[in-house]
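# A structural walkthrough
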Amino acid sequence: MFFKRKYEFKPDRTEGSFLKKLYLTPQQRKRILKWSLTGLVLLALSLLQDVVLAQVSIYGANFALVPCGILLCAMIFDPETAAVFSLISSTVYYFSGTAPGVYVILILTVLGTFLCMFRWGYLQRRFSAMYLCAAVGMMGYMLLVFAMGYFFKETLPARFGNFMLTGGLSVAVMPILYPVFSAISNIGGSTWKE
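In what follows, the accompanying structure is described.

Thresholds applied
- Residues numbered from 1 in each chain as written.
- Predicted model: local features only at pLDDT ≥ 70, side-chain atom pairs only at ≥ 80, totals over all residues.
- Heavy atoms only, no water.
- Patch = residues over 30% accessible without salt bridge, like charges linked within 9 Å, V, L, I, M, F, W, Y side chains within 5 Å.
- Areas by Shrake-Rupley, 256 points an atom, 1.4 Å probe, with all protein chains shown as cover.
- Salt bridge = Lys/Arg side-chain N within 4 Å of Asp/Glu carboxyl O.
- Helix = DSSP H or I, 4+ residues; strand = E, 2+ residues; numbered from the N terminus.
- Core = buried A, V, L, I, M, F, W, Y, C linked by side-chain atoms within 4.5 Å.
- Buried < 20%, exposed > 50% of the residue type's maximum accessible area, 1.4 Å probe, protein only.
- Contact = heavy atoms within 4.5 Å.
- Expected span 1.5 Å × (residues − 1).
- Phe/Tyr/Trp six-rings, centres within 6.5 Å; stacked < 30°, edge-to-face > 60°.
- Bend = angle between axes of the 7 residues up to and from the residue.
- Polar contact = N/O pair within 3.5 Å; in protein donor to acceptor, adjacent residues only side chain to side chain.
- Axes fitted to C-alpha atoms, helices over the stretch in contact; angles between N-to-C directions.
- Parallel < 35°, antiparallel > 145°, perpendicular 65-115°, else oblique.
- Left-handed = near helix turned anticlockwise from the far one by under 90°.
- Nonpolar A, V, L, I, M, F, W, Y, C, P; charged D, E, K, R; others polar.

### With respect to a nonpolar patch on the surface
Nonpolar side chains collect at one region of the surface, where L40, L43, L47, L48, V51 and V52 lie side by side and expose about 540 Å² of accessible area between them. Turning to its location among the elements, L48 is positioned in helix α2 (residues 26–52).

Pasting the structure below:
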């Protein structure tokens, strides 16, 4: 009779790839997807603004799509997330080379954070409140950029109308961008529904 021997030798387990070792829950995967898509949309807005729409001038004004997207996203997210998002995205916007100056980081972060806190604290959670806060933020951004440019002698007082027209054009684009950012923010569960 033959008995089966238990072998002492056991082969090593095959090693998986790095991604198989790195276990991500479905919720973490959805968050990574949400922030990746948000970054890609802002990158697409930057390319559209700098490559295509830089050629278009309406009474001396152009579109400011990247600050528009940053402020719009800040209004969609909760205040803590909006603060971190505004800081990181405005820093990336500055280092992309298309921002008017380093003060853009401070302006977009403060406007995005405080207007989001105001919206979440005092206004109803609907599109009109979000649009109103984002529009005030965009016009405030353009006003502060003009003031800083005038202070540093980079612009003339006669260009004030062009800055405000740029803000107005960007505010007019916000309803077009809202469904894109709203759909992305709902990935992985929404914090509130309109």
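### Considerations on unusual backbone geometry
Its identity as a non-glycine residue notwithstanding, K153 has a phi of 60°, on the positive side. Assignment of secondary structure puts K153 in the loop between α6 (127–151) and α7 (160–185).

### Quick word on the nonpolar core
Formed by 49 residues in total, the largest nonpolar core has its most connected members in M75, Y93, M138, Y141 and F181. When residues of this core are traced back to their parent elements, those giving at least two are α2, α3 (65–76), α4 (79–95), α5 (103–122), α6 and α7. Contacts of M75, omitting those with residues within four sequence positions, involve L111, G112, L115, C116, R119, W120, M130, C133 and A134.

### Some thoughts on α3
Across its 12 residues, α3 extends 16 Å between first and last C-alpha, which sits within 8% of the 16 Å expected from 1.5 Å per residue. Taken across its 12 residues, α3 has 12 buried, putting it largely inside the fold. Of the residues making up α3, those classed as buried are L65, V66, P67, C68, G69, I70, L71, L72, C73, A74, M75 and I76. Each element contacted by the buried residues of α3 is listed here: α2, α4, α5, α6 and α7.

### Here we look at the packing of aromatic side chains
Evaluation of the coordinates by the stated rule reveals 12 aromatic pairs. When the centroid spacing of 4.9 Å and the interplanar angle of 45° are considered together, the rings of W35 and F77 count as tilted. Here W35, found in helix α2, pairs with F77, found in the loop between α3 and α4; they are 42 residues apart in sequence, far enough to count as distant. Since its relative accessible area comes to 34%, W35 is described here as partly exposed. Ring centres 6.3 Å apart and planes at 20° place the aromatic pair Y103 and F152 in the stacked group. Separated by 49 residues along the polypeptide, Y103 in helix α5 and F152 in the loop between α6 and α7 bring together distant segments of the chain. Through pairs of rings, three or more aromatic residues link up here, namely F146, Y150, F160 and F163.

### Some points on α7
Here α7 contains 26 residues, and its C-alpha end-to-end distance of 35 Å stays within 8% of the 38 Å for a straight helix at 1.5 Å per residue. Maximal helix bending in α7 amounts to about 45°, located at I176; proline P179 follows within four positions.

### Points about the environment of T91
With respect to the secondary-structure elements, T91 resides in helix α4. T91 sits 15 residues away from L106 along the chain, and the two C-alpha atoms are 9.1 Å apart. Side-chain polar atoms of T91 contact the backbone oxygen of L87, separated by 2.7 Å.

### Some thoughts on the packing of α5 against α6
At their nearest, the axes of α5 and α6 sit 10 Å apart, and the two run at 155° to each other. In terms of axis orientation, α5 runs roughly antiparallel to α6. As α5 runs across α6, the sense of the crossing is right-handed. Of the residues in α6, those touching α5 at Y103, V104, I107, L108, L111, L115, F118 and R119 are A129, M130, C133, V136, G137, G140, Y141, L144, V145, M148 and G149. A breakdown of the residues in the contact of α5 with α6 according to their chemical character gives 15 nonpolar, 3 polar and 1 charged.

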